[in-house]
Amino acid sequence: MKSTVLVTGGAGFIGSHLCERLLADGQDVLCVDNFYTGSKDNIRHLLDNPCFELIRHDVVLPLYVEVDQIYNLACAASPVQYQSDPVGTTKTSVMGAINMLGLARRKRARILQASTSEVYGDPLQHPQPETYWGHVNPIGARACYDEGKRCAETLFFDYHRQWNVDIRVIRIFNTYGPRLHRNDGRVVSNFIVQALRGEPITLFGDGQQTRSFCYVDDLIDGMVGMMDQDTEIGPINIGNPAECTIRELAETILRLTDSKSELVQHPLPIDDPVRRKPQIDKAETALGWSPKVTLEDGLGETIAYFRHLLSK
Ligand code: NAD
Ligand code: UDP
Ligand code: UDP
């Protein structure tokens, strides 16, 4: 049956891919965004679709609309961006969650929260299973994001226990792909843009810290799969367990772009997590989901996107 699906943060990197996917699945999509880090450019190709509607709105404020499902993605995800207005970041996560949960409660709509591997902080357990409670500095530079997202998870589970709201919570690990913002400071977009321009690659620290990168199409499959099943509410890790060091990532991007850029070391940002890798047994069992796209293939698509963007 055709549903009306609200996507908050729908003009962002992940949100725009999700809107596209939901439209392709035959849903009516209501995209809500305040364009803090997102852009109309990401959804311009959807604006003429009669099943797509855009509202400029800040989720910190109440929103009264008629919808059947909610994907709550509104929140800057790049450390540079979420730290540029830390109070705004916490407000978005916490007040945004309250408002969207209030909406879900009123409409009896299922609501999915885009949570994050950052709830594990700088993890002491490796790889990270959903049962790990995390290791987060509550007063550090990343806290506005980490604690905001942790509080949002608390709200989701309390709305579920107290008001029986139908929740889904996924913890997203580093995701990349076309429509990453070219200068939002995240590592994949930074390195690709630097490599294509022949500029120095900004390696923070010695580059031995690790991340596990998931291609956006795989993430969207996991996200929609989580929303569209009736038994598992989460939290559930969605990410690619293929772990690599940031130095290896830089070297792979240099090779794939055939770039002569040099690696230049910069100070490691404060509280930068040392290692990160999802344990995904739960997603495999409960959703039958696992990532399909290799890092090289995904980077190939992403590099092609940035090549085109930079040539304009
Ligand atoms: P993004 O910055 O590209 O997208 C976020 C979107 O939310 C933007 O369009 C922005 O304008 C919008 N937004 C921000 N504050 C808002 C507000 N107060 N009201 C309305 N809209 C607002 O980031 P992304 O990578 O697409 O991330 C989307 C979601 O996924 C975020 O919630 C993020 O925390 C989560 N996530 C992303 C990753 C990742 O690696 N990309 C990892 C973990 C979690
Ligand atoms: N809310 C909203 N849209 C709705 C319903 C509620 O934005 O359709 C907001 C409402 O403004 C409130 C928040 O969600 O601030 C939480 O709503 P809830 O019903 O849980 O609590 P209460 O109204 O008692 O604060
Ligand atoms: N990083 C880097 N150079 C950059 C941007 C990021 O070396 O230009 C590192 C950063 O220190 C971190 C990793 O790459 O260890 C991932 O950073 P990002 O900001 O993409 O996401 P995070 O996982 O830290 O939220």
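Residues numbered from 1 in each chain as written. Chains lettered and ligands numbered in written order. Predicted model: local features only at pLDDT ≥ 70, side-chain atom pairs only at ≥ 80, totals over all residues. Heavy atoms only, no water.

**A closer look at the pattern of salt bridges**
In step 1: Under the counting rule described, the total for this entry stands at 21 salt bridges.
In step 2: Among the salt bridges present, the one from Arg142 reaches Glu118, with a minimum N-O distance of 2.7 Å. Within this pair, whereas Arg142 is found in the loop between strand 5 (110-116) and helix 4 (143-163), its partner Glu118 is found in the loop between strand 5 and helix 4, the two being separated by 24 residues in sequence.
In step 3: The buried category is assigned to Glu118, whose relative accessible area is 4%.
In step 4: Here Glu232 makes a salt bridge to Lys282, at a shortest N to O gap of 3.6 Å. Of the two residues, Glu232 is situated in the loop between helix 6 (216-227) and strand 11 (236-238) and Lys282 in helix 8 (residues 281-287); the sequence distance between them amounts to 50 residues.
In step 5: A relative accessible area of 17% places Glu232 in the buried class.
In step 6: Given a relative accessible area of 28%, Lys282 falls into the partly exposed group. (Salt bridge = Lys/Arg side-chain N within 4 Å of Asp/Glu carboxyl O. Helix = DSSP H or I, 4+ residues; strand = E, 2+ residues; numbered from the N terminus. Buried < 20%, exposed > 50% of the residue type's maximum accessible area, 1.4 Å probe, protein only.)

**So, the site of ligand 2**
In step 1: The immediate surroundings of ligand 2 are formed by Pro62, Leu63, Tyr64, Ile98, Asn99, Gly102, Leu103, Arg105, Arg106 and Tyr159.
In step 2: Summarising the interface, the protein chains cover 65% of the accessible area of ligand 2, which totals 510 Å² for the free molecule.
In step 3: If you tally residues by element for the shell around ligand 2, the top one is helix 3 (residues 86-107), at 6 residues. (Near = heavy atom within 4 Å. Areas by Shrake-Rupley, 256 points an atom, 1.4 Å probe, with all protein chains shown as cover.)

**A closer look at the nonpolar core**
In step 1: Grouped together as the largest cluster of nonpolar side chains are 56 residues, with contacts concentrated most on Leu18, Tyr71 and Met223.
In step 2: Here this core takes 7 residues from helix 6, the largest share from any one element.
In step 3: Excluding residues within four positions of it along the chain, Leu18 makes contact with Val7, Tyr71, Leu73, Ile220, Met223 and Val224.
In step 4: Residues Val59, Ala97, Leu103 and Ile111 belong to the second largest nonpolar core, which totals 25 residues. (Core = buried A, V, L, I, M, F, W, Y, C linked by side-chain atoms within 4.5 Å. Contact = heavy atoms within 4.5 Å.)

**Structural notes on the site of ligand 1**
In step 1: Lining the immediate surroundings of ligand 1 are 29 residues, of which Ile14, Asp33, Thr37, Tyr145 and Lys149 lie closest.
In step 2: At 3.0 Å, a backbone N or O of Gly12 approaches an oxygen atom of ligand 1.
In step 3: Ile14 places a main-chain nitrogen or oxygen 2.8 Å from an oxygen atom of ligand 1.
In step 4: About the coverage of ligand 1: the protein hides 97% of its 810 Å² of free accessible area.
In step 5: Taken together, the elements giving at least two residues each to the shell around ligand 1 come down to helix 1 (13-24), strand 5 and helix 4.
In step 6: Counting residues per element, the shell around ligand 1 draws most heavily on strand 5, at 3 residues.
In step 7: In terms of residue class, the shell around ligand 1 is built from 14 nonpolar, 11 polar and 4 charged. (Polar contact = N/O pair within 3.5 Å; in protein donor to acceptor, adjacent residues only side chain to side chain. Nonpolar A, V, L, I, M, F, W, Y, C, P; charged D, E, K, R; others polar.)

Spatial relationships are all this shows, so hold off on functional conclusions.
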